[in-house]
Amino acid sequence: MEKFETTVIGAGVVGLAAAAELAARGREVLVLERHESFGRETSSRNSEVVHAGIYYPAGSLKARLCLEGRRELYRLAAEHSIPCRKIGKIIIALKKADLPVLEKLKSKGEANGVEGLRLLTAGEVRDLEPWVRAEGGLLSPETGIIDSHRLMAFYERRVNSSGTTAYNCELIALEPGAGGWRLRVRDADGEEMEIASRAVVNAAGLSSEKVAALAGMDTAAAGYTIYPCKGEYFRLSGPSARLTSRLVYPPPTGISLGLHTVVDLGGGLKIGPNAFYVDEIDHRVDESHLEEFHEGARGYLPDLRKEDLAPDMAGIRPKLYRKGSPERDFEIRHEADKGFPGLVNLIGIESPGLTAAPALGRMAADLAEQALSG
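We now turn to the structure provided with this report. The structure presented is a predicted model; accordingly, all values stated were derived computationally and were not measured.

1. Observations regarding the environment of L290
Here is step 1: You can see L290 is positioned in helix α8 (residues 290-297).
Here is step 2: By relative accessible area, which is 18% here, L290 ends up buried.
Here is step 3: Once you skip the residues sitting within four places of it in the chain, L290 turns out to touch F234, K306 and L309.

2. Regarding the nonpolar core
Here is step 1: Ranked by internal contacts, the top residues of the largest apolar core, which has 46 residues, are Y155 and I332.
Here is step 2: The set of elements that each furnish at least two residues to this core consists of α1 (13-24), β2 (29-32), α2 (61-80), α5 (148-160), β20 (343-347) and α9 (353-373).
Here is step 3: The contact partners of I332, leaving out residues within four places of it in the chain, are L61, L65, N345, L346, I349, L360, M363 and L367.
Here is step 4: Formed by 44 residues, the second largest nonpolar core is a distinct cluster that contains I90, V114, L247 and A314.

3. Quick look at the sheet that holds strand β3 (residues 49-50)
Here is step 1: With antiparallel pairing, three strands are arranged side by side in an open sheet as β3-β8-β4. Among the strands making up the open sheet, the edge pair consists of β3 and β4 (84-85).
Here is step 2: Strand direction decides the pairing type here: β4 and strand β8 (residues 144-146), joined by two bridges, are antiparallel. By the bridge assignment for β8, C84 is matched with I146.

4. Looking at the pattern of salt bridges
Here is step 1: The tally for this structure, following the rule as stated, stands at 39 salt bridges.
Here is step 2: Close ionic contact of E68 with R362 constitutes a salt bridge, the shortest N to O distance being 4.0 Å. Taken together, the positions of E68 in helix α2 and R362 in helix α9 put the pair 294 residues apart, joining distant regions of the chain.
Here is step 3: On the accessibility criterion, E68 (31% relative accessible area) is partly exposed.

5. Quick look at the environment of E135
Here is step 1: Among the structural elements, E135 can be located in the loop between α4 (122-128) and β7 (136-140).
Here is step 2: For E135, a relative accessible area of 32% translates into the label partly exposed.
Here is step 3: Among the polar contacts made by the side chain of E135, one reaches the side chain of K96 at a distance of 3.2 Å.

6. As for the environment of T121
Here is step 1: Looking at the element boundaries, T121 is found in strand β6 (residues 118-121).
Here is step 2: Given the relative accessible area of 45%, T121 is considered partly exposed.
Here is step 3: Sequence separation between T121 and E135 is 14 residues, and the spatial gap between their C-alpha atoms is 7.0 Å.

7. Here we look at α9
Here is step 1: Of all the bends in α9, the greatest, near 45°, is centred on A359.
Here is step 2: Most of α9 sits inside the fold, with 16 of its 21 residues counted as buried.

The rules behind the values
Residues numbered from 1 in each chain as written. Predicted model: local features only at pLDDT ≥ 70, side-chain atom pairs only at ≥ 80, totals over all residues. Heavy atoms only, no water. Helix = DSSP H or I, 4+ residues; strand = E, 2+ residues; numbered from the N terminus. Buried < 20%, exposed > 50% of the residue type's maximum accessible area, 1.4 Å probe, protein only. Contact = heavy atoms within 4.5 Å. Core = buried A, V, L, I, M, F, W, Y, C linked by side-chain atoms within 4.5 Å. Pairing = 2+ DSSP bridges. Salt bridge = Lys/Arg side-chain N within 4 Å of Asp/Glu carboxyl O. Polar contact = N/O pair within 3.5 Å; in protein donor to acceptor, adjacent residues only side chain to side chain. Bend = angle between axes of the 7 residues up to and from the residue.

On their own, these measurements won't tell you what the molecule is for.
This is the structure in structure tokens:
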């Protein structure tokens, strides 16, 4: 039986960030991932936006870790040649009644410590983005985009410098053992093995509730029920591919930030995501939603041509709340007080999880260190 100080379940961007932090501290760390490589679910199926930290309640983990993570992402990108551009974002008012919403967002962002926010008149929006129709806007110059694949590859190299990443390895059992936890893992050939680990970091994203349940937790009682929420993207071509040079967002909805333009590092443009809850993990894009995307985006891009839209990709977020319920913060806890010493859970890591990844990884590593020293 192999033994490790800490085992991280999940090689998404947050799991890799936590493992890289632990490896840098000299800890023996193993990363288990059921897919054949890193970031095959939520971490690679998103807008790749580096969020400024505007939307989240003051004092929340989402607000604090987004701000910390954003600053560190820009530093890491500059120091390690990770493709990244601070292109800026405009949240627009579709109608005059939306203008107070932008004022509230500006106040919320400033309370969170977001730098450089500025309200724009309709004319100023038009000067910056001539093809966008709006009654006003909120400019966020600190918002950007990053190559999430290259970021995860960077973290993977850091892990492998002293730790181990094991792909095609699915966790099938997790039980308390002498001085920690016993894990049973099945590899791609169907063979099973056992691993002993003093601490376990559950960074399994969409499967994080299942991992917590394997450990013996009553996830419903703990408030850890995951509600998968799907978002699709449509790519723009032809004249429509040049309609915006920045990220342009409508006012946020109850469960998403709305159908916005997504500028990628290659200069391409997408629209998305929509948001709807699903019962199964299926990453196909429903082509019948093209009309919904066209009509939704034409509210601020009147020159958008339907024939320029084509299905691109879809992602699924591990939300902790359903539509109509209050928004939930990240759940990041060492579960010793619930009778599970050595288990660190990261549950409901949705947006801004990519932006917050460096700070989330550091917080998870701190909790794992507490477990190891406890």
